[in-house]
Amino acid sequence: MALQWSLFLTCICFKVTPTEASSWTVNVPPSVKGLLGSCVVIPCSYKYSDIQKEVTGFVAIWYDYKDRTIYHSDASQTLEQFRTRTQLQGDISKKNCTLMIDNLQQNDGGPFHFRTEIKGYDQFSYKNNKVSLSVISEPNPIDFSVQAEVKEGQTVSASCSVSHSCPTYPPAFHWSHFGVQRFHTQQLQEGQWKATSTLTFRPNHTDHNKPLRCRVKFHGGTRQESSKTLKVKYAPVNVKVEYQSNVNEGETMNLKCSSDANPASSYEWHSNTAALLYKGQNYTMSNVSRHSVEALYCTAINAEGRARSSPVQLSVLYAPDIKNSSKCSLEWDEVKCECIVESNPPSMVYFVLADRVLQSSKIQENVSVTTGTLQAHFGSFLLVHCLANNTLGNANLTLALPVTGKMQNIFIAAGAGVIFLIILIATGVGVVKKCKGNSRDTPKPDSSATKAERPVELPHYAPTKRKMNRQDILCPDIYANDHIYGNTDCDESIYNNV
């Protein structure tokens, strides 16, 4: 009977002991990896049997493979080389034994195991649940994603993710583009976490074919970068026309339109009245004329939209053309002559009176029309010549001078004098004839005592013309140098006032 009770008690002991031992468990990953110089966090949670009495405190201890203390609740008992680098992340009284090892060294390989001491109750070492540590020198590649092709102005999201082992000090993200950033972290297995930064932005045409960069800085100083080239679709911008600034009248003008667009643009040419002139990037205008050329512009078109260039006003160069509206008129006691010249570039305008070159009193320029004005007393002259020249040629026109009041009086007096002279001569002729008739009845006087009367000749005036040719002007070298406006070979004294 005593033997039976002994066997019964023995069975009870064997059943209770393993049950109590099995309640002391720990949950740790078999291995973790961490970045050299950064930190690693070993997730740890443990269990122990129900405590039926009052507990006075908890002690957490981590050992390395040589049973050296790398962490102790009492820091003085921690190995010196780990004393400032290890820290318990959880609350040991709440069964959280998570450990952080900072500033990872190459020889921090482990393995490590955890031990707990519950004061006033029990203690336990989890030697069968060891954690090995791999120290890596480079982080895993960045996981970068963004749409392959985006449109200007639309909202775009890009994400940048890295795995790490230091949730206490997560990686810092920096983007090359402005936008709204959001950060998210996720715990993975075996002591790894995933940190993700999402950038939301609106691209524009300046982002096309440019890299979008994501830069990551890990705790400890390690840096990493990844980028992707943005492909942005956008309507044409910076539409402009390339052309020769000046073209001589009668020559050919070539114009080229260009723009910045994706996809590439097609082109149309329009007049300033919106009339379609041509389709194509290059537009050729033959035999350009000052009268036929008007302002025009180029339109660039693609699937995203259209845009037009600024209007282009072509500059056609041509030699002077003196208008028939040029004239001389009487103003009070002076004569005012206006020489109106159309040319591009503007002309030098001056006047020639007989053999003298007279500078214009006033020059007015209005776009392509230059008006030279001369006010002076011209005396008895009847004609003045208007001259104009620029780098492309020259022109001249003869202007009739009006008769002033003084000249009218002079002409009237001169006319009266002529009439009086004619009458006087006629009277003289009659007297002479009468005398000859009387001489037949009287003796002839001595020839030495009488002088024969000489006949009087009337002055002759050469007829004047309204216009004269260049060859008629008494300053033959006036066009000797078309590039030096107004210079002549005439005497400098010709610039004196008339």
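For the structure itself, consult the block above.
Note that the structure is predicted; figures quoted are calculated from it, not measured.

### What to know about the sheet that holds strand β32 (residues 356-359)
In step 1: Sheet architecture is open: 4 strands sit in the order β32-β31-β35-β36, paired in antiparallel fashion. The outermost strands of the open sheet, each flanked by one partner alone, are β32 and β36 (393-400). Within this sheet the neighbouring strands show an average axis-to-axis angle of 30°, counted without direction.
In step 2: In terms of strand pairing, strand β31 (residues 348-353) meets β32 through 4 bridges, oriented antiparallel. In the sheet register, L353 faces β32, and the bridge partner there is R356.

### Quick look at unusual backbone geometry
In step 1: With an omega of 5°, the peptide bond between G110 and P111 qualifies as cis.
In step 2: By the secondary structure assignment, P111 is in the loop between β8 (99-101) and β9 (113-119).
In step 3: N262 connects to P263 through a cis peptide bond whose omega is 0°.
In step 4: Tracing the chain through its elements places P263 in the loop between β22 (253-262) and β23 (266-271).
In step 5: Positive phi, normally seen in glycine, also occurs at E190, with a value near 55°.

### A word on the state of the cysteines
In step 1: If you walk through the whole model with that rule in mind, you get 6 disulfides.
In step 2: The residue that forms a disulfide with C44 is C97, at a sulfur-sulfur distance of 1.7 Å. Between C44 and C97, the S-S torsion sits near -75°, and that sign places the bridge as left-handed. Pair noted here: C44 is in the loop between β3 (40-42) and β4 (45-47) and C97 is in the loop between β7 (86-88) and β8, with a separation of 53 residues, a long-range link.
In step 3: Relative accessible area serves as the criterion here: at 4%, C44 is assigned to the buried category.
In step 4: A residue is classified by how much of its surface remains accessible, and C97, at 0% relative accessible area, is buried.

### Re the sheet that holds strand β20 (residues 232-243)
In step 1: The 4 strands are arranged β13-β20-β22-β25 in an open sheet whose pairing can be described as mixed. A strand with exactly one partner marks an edge of an open sheet, and here the two such strands are β13 (150-151) and β25 (282-285).
In step 2: Where β22 and β25 come together, 4 bridges link them in antiparallel fashion. Directly across from L255, in β25, lies its bridge partner Y283.

### A short note on the packing of aromatic side chains
In step 1: Overall, the coordinates contain 14 aromatic pairs when judged by the stated rule.
In step 2: On the numbers, 5.8 Å between centres and 55° between planes, the contact of F144 with W175 is tilted. Of the two residues, F144 is situated in strand β12 (residues 143-145) and W175 in strand β15 (residues 172-175); the sequence distance between them amounts to 31 residues.
In step 3: A cation sits over an aromatic face here: K95 above Y48, 4.9 Å from the ring centre.

### Some thoughts on the pattern of salt bridges
In step 1: The final tally for this structure, using the stated rule, is 11 salt bridges.
In step 2: Residue R68 pairs with D64 through a salt bridge whose shortest N-O separation is 2.8 Å.
In step 3: On the basis of relative accessible area, R68 is assigned to the partly exposed category, the value being 30%.
In step 4: For the salt bridge of K323 with E342, the shortest nitrogen-to-oxygen distance reads 3.0 Å. One end of the pair, K323, is in the loop between β28 (315-322) and β29 (327-331); the other, E342, is in strand β30 (residues 334-344), with 19 residues separating them in the sequence.
In step 5: Residue classification places K323 among the partly exposed positions, given a relative accessible area of 28%.
In step 6: One continuous salt-bridge network, built from bridges that share partners, spans R213, R215 and E225.

Calculation notes
- Residues numbered from 1 in each chain as written.
- Predicted model: local features only at pLDDT ≥ 70, side-chain atom pairs only at ≥ 80, totals over all residues.
- Heavy atoms only, no water.
- Pairing = 2+ DSSP bridges.
- Helix = DSSP H or I, 4+ residues; strand = E, 2+ residues; numbered from the N terminus.
- Axes fitted to C-alpha atoms, helices over the stretch in contact; angles between N-to-C directions.
- Disulfide = S-S within 2.5 Å.
- Buried < 20%, exposed > 50% of the residue type's maximum accessible area, 1.4 Å probe, protein only.
- Phe/Tyr/Trp six-rings, centres within 6.5 Å; stacked < 30°, edge-to-face > 60°.
- Lys NZ or Arg CZ within 6 Å of the ring centre and 35° of its normal.
- Salt bridge = Lys/Arg side-chain N within 4 Å of Asp/Glu carboxyl O.

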